[in-house]
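Chain residues, written in single-letter form:
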Amino acid sequence: MEPKPATWRGPDKRDLVLNMIEMNRVIDQVVREKGIEREVLIDALEQAMVTAARKKMGNRNLEAHFDEETGNINIYEYMTVVEEVEDSYTEISIEEARESLDPACEVGDELGVTVDAGDWSRITAQVARQVIIQKVREAERELIYTEFIDRKGEIINGTVQRMEKGDIIVNLGRTDAALPYAEQIRSENYRQGDRIRALLFKVQKESRGPQLLLSRTHPDFVKKLFDIEVPEIREGVIEIKGCAREPGERAKIAVVSHDKDVDPVGACVGMRGSRVRGVVQELRGERIDIVVWDEDPAQYGANALQPAQIARVLIDEEETAMTVIVAEDQLSLAIGRRGQNVKLAARLMGWKLDIISEEESKKREDQKHKMLQLTGMDPFKVAHLARIDVHGLGELSTASPELIAEVLEITADEVDALKKEATEAYEAEIIAATGGEGEEEAEAEAEAQAAQEEGAEGDDSSQTPEEVAVEAAQEVEEVDADDAAKEADAVEEVDVDDAAKEADAVEEADAVETDNEKVAQAEEVEGGEGEDTEE
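Conventions we followed
- Residues numbered from 1 in each chain as written.
- Predicted model: local features only at pLDDT ≥ 70, side-chain atom pairs only at ≥ 80, totals over all residues.
- Heavy atoms only, no water.
- Helix = DSSP H or I, 4+ residues; strand = E, 2+ residues; numbered from the N terminus.
- Buried < 20%, exposed > 50% of the residue type's maximum accessible area, 1.4 Å probe, protein only.
- Contact = heavy atoms within 4.5 Å.
- Pairing = 2+ DSSP bridges.
- Core = buried A, V, L, I, M, F, W, Y, C linked by side-chain atoms within 4.5 Å.
- Salt bridge = Lys/Arg side-chain N within 4 Å of Asp/Glu carboxyl O.

(A) Here's a closer look at the side chain of Glu-282. Tracing the backbone through its elements, the reader meets Glu-282 in helix 8 (residues 274–282). Residue class for Glu-282 comes out buried when judged on its relative accessible area of 17%. The residues contacting Glu-282, other than those within four sequence positions of it, are Glu-188, Arg-197, Arg-216, Phe-221 and Leu-225.

(B) Fine view of the pairing of strand 10 (residues 238–246). Counting buried residues along strand 10, 7 of its 9 residues qualify, which places the element largely inside the surrounding structure. Here strand 10 pairs with strand 11 (residues 250–257) via 8 bridges, running antiparallel. Note on strand 11: the bridge partner recorded for Ala-244 is Lys-252. The antiparallel pairing of strand 10 with strand 11 creates a hairpin that spans 3 residues between the two strands, and Gly-248 there sits at a positive phi of about 85 degrees.

(C) Representation of the nonpolar core in the model. In terms of nonpolar packing, the biggest core is built from 21 residues, with Phe-226 and Ile-290 touching the most fellow members. Among the secondary structure elements, those contributing two or more residues to this core are helix 5 (219–229), strand 10, strand 11, helix 7 (264–269), helix 8 and strand 12 (287–292). Counting residues per element, this core draws most heavily on helix 5, which supplies 4 residues. Not counting residues within four places of it along the chain, the set of residues in contact with Ile-290 comprises Phe-226, Ile-253, Val-255, Val-265, Cys-268, Val-269 and Val-276.

(D) Highlighting the pattern of salt bridges. Tallied over the entire structure, the rule returns 27 salt bridges. Across the salt bridge formed by Glu-147 and Arg-174, the nearest N and O atoms sit 3.2 Å from each other. Of the two residues, Glu-147 is situated in helix 4 (residues 122–149) and Arg-174 in the loop between strand 6 (167–171) and strand 7 (176–179); the sequence distance between them amounts to 27 residues. For Glu-147, a relative accessible area of 31% puts it in the partly exposed group. A residue is classified by how much of its surface remains accessible, and Arg-174, at 48% relative accessible area, is partly exposed.

Below, the structure written as structure tokens:
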């Protein structure tokens with residue numbers, strides 16, 4: 001005996017989650033509270049009902065349609081009209097279709113059969129409810145994404161809600177945003193409930209909802225703050241051409257005026273610094289340099305390096321590189337503390353900046369002339385070498401052969417010859433600069449090189465070139481030691497002779513004094529004898 005098919009007990013209407021009679025009122029309430037469009041919510045309800053129906057009936061060709069007048073959602077199962085039925089779930093015979101559905105139907109037509117939803121279980125209704133909730137959430141997320149994607153690049157005000165692994169979660173009202181640790185200024189500290197302003201710099205879709213990322217270190221944050229404080233920027237009279245920051249320490253912005261009667265720097269600073277002070281207070285004391293943008297790269301570079309005074313500028317437009325020459329007393333000011341000033345100026349311009357003094361410039365010019373005297377060199381090749389920081393004979397002699405070959409586009413043999421010639425010229429330059437003090441060492445090295453080339457013929461010790469060089473240096477030291485000993489002996493002999501002469505002089509003086517004493521005594525004796533004779 002075949003088992004009876006399972007029967008479904010229709011639940012009480014009070015137990016159903018979806019009350020079709022009040023559906024219009026529910027839809028209107030959700031539209032008002034959530035701000036979702038009515039069409040979006042109705043589409044979500046229809047899809048939810050189809051999903052719930054398929055949970056019970058299987059994967060059939062079902063559709064749902066919302067009736068605006070009654071507030072009901074009707075489920076229809078579409079079946080194809082055929083001559084002979086092979087699948088009773090998707091096909092219906094033409095006789096049955098004409099009898100119960102449409103008398104005018106033909107083979108191949110699709111007819112919708114109304115599905116009785118009153119026979120569904122509570123589980124099916126709960127599934128429909130969950131799908132509706134999910135669709136409502138997706139609609140809310142899409143609405144939030146649409147709202148904030150248009151505000152990307154603006155300054156957002158919010159309240160610190162909590163901390164998560166170094167990130168700050170900011171409550172924006174309808175949703176939350178994250179201020180990552182990398183986008184925070186290190187000198188700033190926030191607590192729960194603090195008000196915070198930051199730049200909305202990224203809006204991205206994720207499965208759990210739109211992800212809003214904030215930043216207080218982005219250069220555009222400074223631009224937007226000036227846009228709020230300076231009306232001329234909002235009106236387009238003044239334009240911010242660029243901004244570079246060391247967050248929490250220093251920033252540089254370049255401005256230009258489209259009205260010749262308006263001073264761009266003065267407008268940004270404001271009366272007694274009132275405008276720029278508002279920006280500095282928001283950035284917790286970050287120093288801001290406002291410079292004038294210029295079409296001429298040389299003038300723009302001089303402005304960007306303020307407050308340092310620039311002597312002159314050498315420009316390589318092909319490599320967007322600039323060599324800035326300053327006086328000795330302006331060098332440290334142009335570079336700045338820990339190189340901060342030149343780094344910010346380079347970022348602001350988008351150029352590579354090289355700061356040198358007047359003395360260093362003269363040395364480079366002298367080295368450039370010496371490099372031009374090398375075989376095969378010309379001003380273009382010297383300029384190409386300068387791009388890889390090779391400015392003299394010494395740097396050329398120690399530079400990478402592969403790099404030189406790539407820059408100058410010459411062969412390896414030509415590179416070896418060029419480096420050898422540069423090394424010889426550099427050694428001659430050192431000897432000339434030291435006044436010949438290094439000639440003996442150079443000769444010793446030459447002897448070692450000669451010994452290496454000739455070989456150690458007849459030498460049982462088979463010395464290496466390094467040992468030969470050391471021995472030659474020791475011979476030079478021995479010669480110096482012998483000379484020093486001879487000089488010491490000569491000095492000692494002079495000292496001895498002088499001491500002997502002094503001793504002889506003292507002895508003669510003592511002898512003279514002794515003779516004088518003897519003469520005096522003799523005279524006293526003679527005088528005594530004369531007195532006795534007279535008596």
